[in-house]
Each structure stands twice: as structure tokens, then as C-alpha cells.
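# A look at the structure
Chain by chain, the residues:
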Amino acid sequence: MSEIKETKAQRVERLKREKNAWEHFDEIRAFARRGHASIPPEWLGTYFRSWGVYTQGDGAGVVGGSNGEGKATPFFMVRIRIPNGLLSSQQARTIADLAERHARGVADITVRQNVQLHWVTIESLPDVLEALWRVGLTTTGACGDVARNITGCPLAGFDAHEHCDASPLALELNGQLGGNSEFYNLPRKFKVSITGCRSWCTYPEINDVGLTAVTRKRLHRDEVGFSLRVAGGLSTDPHLGVRLNAFVRWEQAVPVVRGVAELFRESEVLRQNRERARLKFLFLQHGWTADSFLAALQDRLGFALDPAEPEDLPSDIHRDHVGIHAQKQQGLSYVGANVLRGRITPEQLRTAANLSDRYADGHLRNTIVQNLLIVNVPNEHAARVAGELTAVGLPVRASAFARGTVACTGSEFCKLALTETKGFARWLTEELDQRLPGFQEQLKLHITGCPNSCGQHWIADIGIEGKKVKVDGRMVDAYYFCVGGSVGEFASIARPVGFRCAASEVPEAIERLLREFNEQRASGENLRHFFARHSNEQIRGWLAGESVAAVERDAAAGPVPMGVEG
């Protein structure tokens, strides 16, 4: 009788059942003593992930490999979990020191307010983890089939227009879900966002659970609670979160999120296929609806939630907090710096930390669009802080292209990416600034190196997805275009328009498209409305400079591997 081979999903599920890697730091120490060759495959492929550690490529583009995944090198990406983006000056300096000593000076702010280090060796890993622990940071649960970093508004407590400061709830949820063995073995990653702001700057629409504050009248007083969305996510099957008919009171927020996490944990149907294991697939493939999910959740909670209240959908596109803005605390401002493509140096981190100590109170914030803020700056010092940030390459005033650009890790380090993204993002924004000087329209330009959408191209005005094409007999980086994605008032998944070109041709294509927008837009019309009223054929023709036939997105022949998401 032939032996029945485990599927990938079965193997991962077996390994997680057999060991909670969080309880085995001693093994990581042993690997560090014995060297990279001593690390078994189950650690490299599964157990390290729950520690926030991934294998990485060679720093110059994917090498070797098979089945859509590049060959790993003996180095690691280490993701640091930063709940709600809350970062102290001491923590920022520690990250800067670790990046300098152990990561070749490379640090990236991610789209979940984390910071990633690269080039970390197994010999250095225990020292890196322990240094982070000493300043109250951890990597635990930053990757893997666990509750990922809890995201929240970086201006929680400072925003003059917020419904509430929801950061205490984000921190409580982080304590209950992050590193908790009850939630070590989920079917796949589980992402939570909670915000009290009106701009929904955490993109709740693409989280497994998104709580957004609303205010209702009760007995002649205002009561702040939350709207509840579930099952949002991007990757290869984008799905905007489904709003449930529920008003979540402040004291119910933590039990509700735990309840959703428990429903997810116990969904055995989601453990059969790694590529179909996110919460959204209950809706996409298994017939769940908003009503059936709410009923299951209330059964688990043991109490009913009040019906949903009306909410105001945000219309702002950027939600990025770049610039100098007044806080609700009189006499104080925050200063938001643009970190192009999320790449930040040790010098820049130290400068931000020092400015925060010198002119404010030692508090910084990461944002989900890969930027960095200094809060509680006295108004009289705000311009000086902005000037010193700008002097080290962290501009407080940025062009529409630099401000709106987001880039995933790309083939520089990610073994799954098809294209290099970080250097490309810098070049692309510089090219567009030269081609379209003074372009003012709010624009989200997202770059992702593979179909996994870690660069969130599905919710961008212009989203480009990495491909490979043959030019003059050799394979080169290329990008496939999607347009019209957004969140909030204009929420929609970007639509593929059937156009693909070599990476070197992308600036010219975008220039042609945006020139048509400038010339043909109706009075007051924004990009979202403009794209919505033009056909794929028209947009494709503008991108190409001529009428061209549509091309397919060239989906992978086999399943797309699960990538390194922020």
C-alpha cells in the first residue's frame, strides 16, 4: 500500500499541535550556539514564525528556489511588535542600535505599525530578542498563525476630533491575544484594528476584526461605543470587512474581539487548506453571512449586542498624519514625517528619538502607512523639529507621490516576491515628481512585489502588482495595473485593467494616465470618481499610450505561497 503523504496544511497543523514554540526559547539559544546548520526544517518553516522571525532572501533579489519561493539564505527578518504604534524614545534608540549592530543598518516600518530588521543571524537572535524585552518590546506573535499586532490610531489621546482614545483597549487586547497560548494555534493570521478616530486611519475594512468608534445618545448623554466589521483581508482574494448589526459598548470590546478569535480558532473547516484559511473564507466559500456570524458570536459571548448605530464614513484618502498639526492639548502639536517606502536608518531613528526627548516628552508613533510621528511638541518648537527631521531625510512636507506611496518588502528580502520594490518606490516617486511637478491630488500609489498584496494594492487608487516579463530574451521586473481601490466612503477593491509593462516603463505609463485625469476631470472630481466613470479599455489605452488588448494578471500556475505581511 502506498504511503499517504501529508498536505502542507496537515503538516503545519500537526507541528503546531505538537509544540508551542513560545515555550522553547531554550532551543533558539541552542541553535545560536551550534550555528545555522543545526536548525531543523520545522523551525525554519513554522516555529520561528510565531516568534516574529522569517527566513529571508539575499538582499539583492530572490535566488534559486522552486515552486514560487526563492531560496533562503542563513539570515532572518525579525519583526518587532509595536501595539497601536506606541513607541518611546528609548525603544526607538534600542531598535536603532540593533539595526546597526545586527541588521546591517536596515529597518522597515510596516503597514501594521511594526518595525522589521533584516540580516539577523541565528547567532545574534537571542541577543536581539533579549535587548527588545529589556525595553518592553517583543517579537512574539508578529508573524505566524496567531493574533498579529493590534493596530490603532497613532494620535489616540491627541486628536482633537476623535470620538475617544481607544489605545487602552488596543493595549488590553494586545495583552490578551499577543503571546497568549490560548491563541497560539489559529488556522492562519488574525488581524485586529481598533480606533477612536474619525478618519479610520488603521484601515479597519481590511482587518479580521475592525472596531471603529461611534457616538450615540442615551438618556440625554453621549455614549461612545464601536461599530463592528469582520472578515476583511486582501492577499489573492480581497474582501472588505462585513459590518455586523451591532453596537459594541466600551466594556464589551475586549470580550467581542476574543469571541471572534475563538470562533476563528474553532473553525476546523479553515484548517484544510493554507491558502483558504483566513476568516474571510467563511464568507467567501462557506456560506456565512453577517446575520449568521453575529448569531454565532452572541451565542459564544452569552449576551446580545445592541443594534448598530449610524456612522459617518471618512472621505479623506491619505489618513497619514504627515505635517504639523495641532493636538487637542492646548499649545501642543504633533509632527508627522514621511518615511518613503518605510525604510528608516539608525541615524534617522536616533534623530527622531533625540528630538522627542529634547523638545517633547519622549513619545513617538508609527503609522500603518509606514510613517513616523513625534507627539506632544510645544507649538513654538514644531517648526524646528520639522526642519531637523527633514534634514535627515524624513520630510514633513512631501509631494503627493512620496506621501501616497506604500511598498512591501519586495524581492530584496522576501523569498516570495517577484520584483524589487523598495528601491523601485524611491525611483518611481522621483520620476513622477519630475514628470508631474506640483501634482496636488490625493493619491494612493501602492506597490506589491507578488500577488499576496502585502503592499495593499487592492485598496489603492493605482495599485501595481509585481510580475516578470521577457524583454530582449531576458526576464525583467514588471508590474500589472489595478485602479480604483479605496476605503471609507469610497470603499472598493481595485479593478484589474488588463495592462502590464516592464518596471522601467511604469513612470511613463502613470504620467500618461494622470495627465488624462488632469485634462478630462470634471469640476471637483477626484481620482476615485474619475476611474469609476471610465472603462478598463480607456484606462488601459491611456496607460499604454495607445489602444491595446487586455492581458491576464498571469496568476501563478500553483497556489501562491503565504507571504511576509506587515
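Note that the coordinates shown come from a computational prediction; the quantities given were computed from them, not determined experimentally.

### Considerations on the sheet that holds strand β4 (residues 107-109)
Taken together, 5 strands build an open sheet; the order of strands is β1-β2-β5-β4-β12 and the sheet is antiparallel. If you trace the sheet from one side to the other, it starts and ends with β1 (53-55) and β12 (343-344), each paired once. By the bridge criterion, 3 bridges tie β1 to strand β2 (residues 76-80) in an arrangement that is antiparallel. Following the sheet pairing, T55 is matched in β2 by F76. On top of the sheet, helix α4 (residues 89-102) reaches β2, β4 and β5 (115-120); it is set at about 20 degrees to β5, its chief contact.

### Quick word on the side chain of R258
Within the secondary structure layout, R258 lies in helix α7 (residues 253-265). Exposure remark for R258: the relative accessible area of 16% places this residue in the buried category. When residues no more than four places from it in sequence are discounted, the contact partners of R258 are Q176, L177, N180, E182 and F183.

### What to know about the pairing of β5
On a regular strand, one side chain projects to one face of the sheet and the next to the other, so that they alternate. Among the 6 residues that make up β5, 6 are buried, leaving the element largely enclosed by the rest of the structure. Examined bridge by bridge, β2 and β5 share 4 bridges and lie antiparallel to one another. Of the residues in β5, the one forming a bridge with F76 is V120. By the bridge criterion, 3 bridges tie β4 to β5 in an arrangement that is antiparallel. The residue bridging A107 from the neighbouring strand is L117, located in β5. Following β4, the chain reverses through 5 residues before pairing antiparallel with β5; Q113 in that reversal takes a positive phi of roughly 70 degrees.

### Description of the packing of aromatic side chains
Overall, the coordinates contain 22 aromatic pairs when judged by the stated rule. Ring geometry for F283 and F293: centres 5.8 Å apart, planes at 25 degrees, overall stacked. Taken as a pair, F283 in helix α8 (residues 281-284) and F293 in helix α9 (residues 290-301) lie far apart in primary sequence, 10 residues in all. On the numbers, 5.2 Å between centres and 75 degrees between planes, the contact of F517 with F530 is edge-to-face. Of the two residues, F517 sits in helix α14 (residues 506-520) while F530 sits in helix α15 (residues 527-532), which places them 13 residues apart along the sequence. An aromatic cluster is present here, built from F31, W43, Y47, F48 and F76 joined pairwise through their rings. The ring of W119 carries the charged tip of R104 above its face, separated from the ring centre by 3.6 Å.

### Notes on the pattern of salt bridges
With the rule as written, the count across this model stands at 44 salt bridges. R229 is paired through a salt bridge with E311; the nearest N and O atoms lie 2.5 Å apart. Here the residue R229 occupies a position in strand β8 (residues 221-230), and E311 occupies one in the loop between α9 and β10 (323-326), the gap between them amounting to 82 residues. Judged by relative accessible area, E311 falls into the buried class, the value being 18%.

Rules and cut-offs
Residues numbered from 1 in each chain as written. Predicted model: local features only at pLDDT ≥ 70, side-chain atom pairs only at ≥ 80, totals over all residues. Heavy atoms only, no water. Pairing = 2+ DSSP bridges. Helix = DSSP H or I, 4+ residues; strand = E, 2+ residues; numbered from the N terminus. Contact = heavy atoms within 4.5 Å. Axes fitted to C-alpha atoms, helices over the stretch in contact; angles between N-to-C directions. Buried < 20%, exposed > 50% of the residue type's maximum accessible area, 1.4 Å probe, protein only. Phe/Tyr/Trp six-rings, centres within 6.5 Å; stacked < 30°, edge-to-face > 60°. Lys NZ or Arg CZ within 6 Å of the ring centre and 35° of its normal. Salt bridge = Lys/Arg side-chain N within 4 Å of Asp/Glu carboxyl O.

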